[in-house]
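Coordinate analysis (summary)
The chain contents come next:
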Amino acid sequence: MAASGGAYAAQLPAVPEWLNKGDNAWQLTAATLVGIQSMPGLVVLYGSIVKKKWAVNSAFMALYAYASSLLVWVLVGFRMAFGERLLPFWGKAGVALSQEYLVRRASLSATAHGATAKTEPFYPEATLVMFQFEFAAITLVLLAGSVLGRMNIKAWMAFTPLWLLLSYTVGAFSLWGGGFLYHWGVIDYSGGYVIHLSSGVAGFTAAYWVGPRLKSDRERFVPNNILLMIAGGGLLWMGWAGFNGGAPYAANIAASVAVLNTNVSAATSLLTWTCLDVIFFGKPSVIGAVQGMMTGLVCITPGAGLVQTWAAVIMGAFAGSVPWFTMMILHKKSALLMRVDDTLAVFHTHAVAGLLGGVLTGLLATPRLLEIESPVPGLRGAFYGGGIRQVGKQLAGAAFVVAWNVVVTSLILLAIGLVVPLRMPDEQLMIGDDAAHGEEAYALWGDGEKFDAARHDASRVGAGGGMEREGSVEQRLSGMGARGVTIQL
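Presented here is an overview of the structure given in this document. (Residues numbered from 1 in each chain as written. Predicted model: local features only at pLDDT ≥ 70, side-chain atom pairs only at ≥ 80, totals over all residues. Heavy atoms only, no water.)

Regarding the overall build of the protein
Secondary structure assignment for the protein yields 20 helices and 2 strands. The contacts of the protein with a sequence gap of at least 6 include a subset with a gap of at least 24, amounting to 75%. For the protein, the exposed surface amounts to about 21,300 Å²; the carbon and sulfur share of it is 66%. (Helix = DSSP H or I, 4+ residues; strand = E, 2+ residues; numbered from the N terminus. Contact = heavy atoms within 4.5 Å. Areas by Shrake-Rupley, 256 points an atom, 1.4 Å probe, with all protein chains shown as cover.)

Now the structure itself:
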């Protein structure tokens, strides 16, 4: 090739010396994978795992949370979580919109302290803003799972930006952005605490203040489309390669280990959960398998790039059994857990699994992988000479995240409740999507039409357009070796 111009020239204004094209490409890819987990992953999962009358509302709550988070994030949120230090647990607010700020080399200024070097990835600030936004957004989407099927959509619209600013940014700065937990040595590789423990605890707290679903919905809340639920779960699983693989901020060894460990833990947990369902209930549950997949993904997240792969198998086994026990056994014996209507059991699948993963990381994190990935020197799991001290740090970090989310989530919802009701009235809950949005998920016939057996009951319409007798339908099915049942709507 004669020319050395274009995008591949040695020196270009768009390719400064500090830019690593491979790292930048991987980080943008990882951000996209995490985004797919929310859009459409959790949108599809929520819209299909709930009762038919709540499909639109549930999907929209996830959609709205994703969109509202982005504007708040670039206006003030990102720099509160990853900017200069304001308090030991909070960064200084500021916009992330100007060209001067976004095209410079990414830098987490508050991470520099003593022997700890400042974190400076080899790509522009814009890439880091986008990647971390996807984490912030999915945290709110996961939280929504606790209040599906009854929260006033107007209250949800007010809640999402406030919680992102007042709760999420605190956890992110404290553990990732250079806050006091970061420098103290609490390990949270990719969000076991910042994302999953936070969303599980805040979701449970929100479910308490919003109140329960209708009694009929709590007793029977079957998915409206299990196949779509599996598809949404599959998008979550595959997208987790970006979730944990993007945490090192580089396409390095830790990223490779993290992606492998993530898949190993998810598979182990799914199989463990399914086996427990078969042992205790006699048959495997597809919903249970998806929950087991989720707990395996969540549990490995705090240490995905910091533990050996055999340890990922152990973590997956715990992830498929401990949350199963808290959900299937302990839940039914606890008055508080029975009282709070956590629609999709986010407390068990995210808070319990996230805390479990954090503690196991304190036990199993290896010095070599920590040296590669963690900027804080001298960290190691208890099994590698770290002693009980590291486990104590993990528990203390979790306690801070739990306490902050309980208090702040409660204050936000109590304040919103002074302006708009947190829960929809019972008469709207009886109807569902049509009352909340004026829309329904499945249009079974034309707009404005009402059911007419002569037109809409295919089982009673003959080939020539006339009505068939019930007997002829049964005879036709009998000839096919089947028994027919005519259902009148």
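What about the nonpolar core?
Counting 100 residues, the largest nonpolar core has Tyr46, Trp73, Trp156, Phe159 and Tyr168 as its most contacted members. Per element, the largest residue contribution to this core is 13 residues, and it comes from helix H4 (residues 125-144). When near neighbours in sequence (up to four residues on either side) are disregarded, Trp73 contacts Phe78, Ala81, Phe82, Val129, Gln132, Phe133, Ala136, Leu164 and Tyr168. (Core = buried A, V, L, I, M, F, W, Y, C linked by side-chain atoms within 4.5 Å. Buried < 20%, exposed > 50% of the residue type's maximum accessible area, 1.4 Å probe, protein only.)

Thoughts on the packing of H4 against helix H5 (residues 153-177)
Contact pair H4 / H5: the axes reach a minimum separation of 10 Å and the direction vectors enclose 125°. Taken together, H4 and H5 sit at an angle that is classed as oblique. Crossing of H4 over H5 shows right-handed handedness. Judged by residue contacts, Gln132, Phe135, Ala136, Thr139, Leu140, Leu143 and Ala144 of H4 engage Trp156, Phe159, Thr160, Trp163, Leu164, Tyr168 and Trp176 from H5. Across the contact of H4 with H5, the residue classes tally to 11 nonpolar, 3 polar and no charged. (Axes fitted to C-alpha atoms, helices over the stretch in contact; angles between N-to-C directions. Parallel < 35°, antiparallel > 145°, perpendicular 65-115°, else oblique. Left-handed = near helix turned anticlockwise from the far one by under 90°. Nonpolar A, V, L, I, M, F, W, Y, C, P; charged D, E, K, R; others polar.)

Notes on a nonpolar patch on the surface
A surface patch of nonpolar side chains, about 380 Å² in accessible area, is lined by Leu71, Leu75, Val95 and Leu97. Counting through the fold element by element, Leu75 comes out in helix H2 (residues 55-82). (Patch = residues over 30% accessible without salt bridge, like charges linked within 9 Å, V, L, I, M, F, W, Y side chains within 5 Å. Salt bridge = Lys/Arg side-chain N within 4 Å of Asp/Glu carboxyl O.)

Brief notes about the packing of helix H7 (residues 192-210) against helix H14 (residues 346-364)
Between H7 and H14, the least distance of the axes is 8 Å, while the angle of their chain directions is 145°. For the pair H7 and H14, the sense of crossing is left-handed. Contacts between H7 and H14 involve Gly192, Tyr193, His196, Leu197, Ser199, Gly200, Val201 and Phe204 from the former and Val346, Phe347, His350, Ala351, Gly354, Leu355, Gly358 and Val359 from the latter. Looking at the contact of H7 with H14 residue by residue, the class counts come to 9 nonpolar, 7 polar and no charged.

A few points about the side chain of Thr366
Residue placement: Thr366 occurs in the loop between H14 and helix H15 (367-373). The buried category is assigned to Thr366, whose relative accessible area is 6%. Sequence-distant contacts of Thr366, that is, excluding residues within four places in its chain, are made with Leu306, Val307, Gln308 and Tyr384.

Some points on helix H10 (residues 253-281)
Here H10 is 29 residues long and its end C-alpha atoms lie 42 Å apart, about the 42 Å a rise of 1.5 Å per residue gives. For H10, the N-terminal cap is Asn252; the gap from its side-chain oxygen to the backbone nitrogen of Ala254 is 3.2 Å. Phi turns positive, to about 85°, at Gly282, one or two residues after H10. (Expected span 1.5 Å × (residues − 1). Polar contact = N/O pair within 3.5 Å; in protein donor to acceptor, adjacent residues only side chain to side chain.)

So, the layout of surface pockets
Of the pockets and cavities examined, the largest pocket occupies roughly 1,200 Å³. Taken together, 39 residues form the lining of the largest pocket, with Ile287, Gln291, Met327, Thr343 and Ala345 sitting closest to its centre. Mapped by element, the contributors of at least two residues to the lining of the largest pocket are helix H1 (21-49), helix H8 (215-219), H10, helix H11 (286-300), helix H12 (309-333), helix H13 (335-339) and H14. Take the lining of the largest pocket: its biggest share by element is 6 residues, from H11. Its residues assigned to classes, the lining of the largest pocket shows 22 nonpolar, 9 polar and 8 charged. As for the second largest pocket, its lining consists of 31 residues, and the residues nearest its centre are Thr119, Ala247, Tyr249, Glu373 and Pro375. Of all the secondary structure elements, the ones that give two or more residues to the lining of the second largest pocket are H4, H5 and H15. Broken down by element, the residue count for the lining of the second largest pocket peaks at 4 residues, all from H15. (1 Å grid on protein atoms, 1.4 Å probe; cavity = no way out; pocket = protein on both sides within 12 Å on 5 of 7 lines; lining within 4 Å. Points joined across faces, edges and corners; volume = space filled by probe spheres on them.)

Overview of the side chain of His183
Relative to the helices and strands, His183 is located in helix H6 (residues 180-184). By relative accessible area, which is 18% here, His183 ends up buried. Non-local contacts of His183, meaning those with residues more than four positions away in its chain, are made with Arg85, Ala110, Thr111, Ala112, His113, Thr116, Gly178 and Val376.

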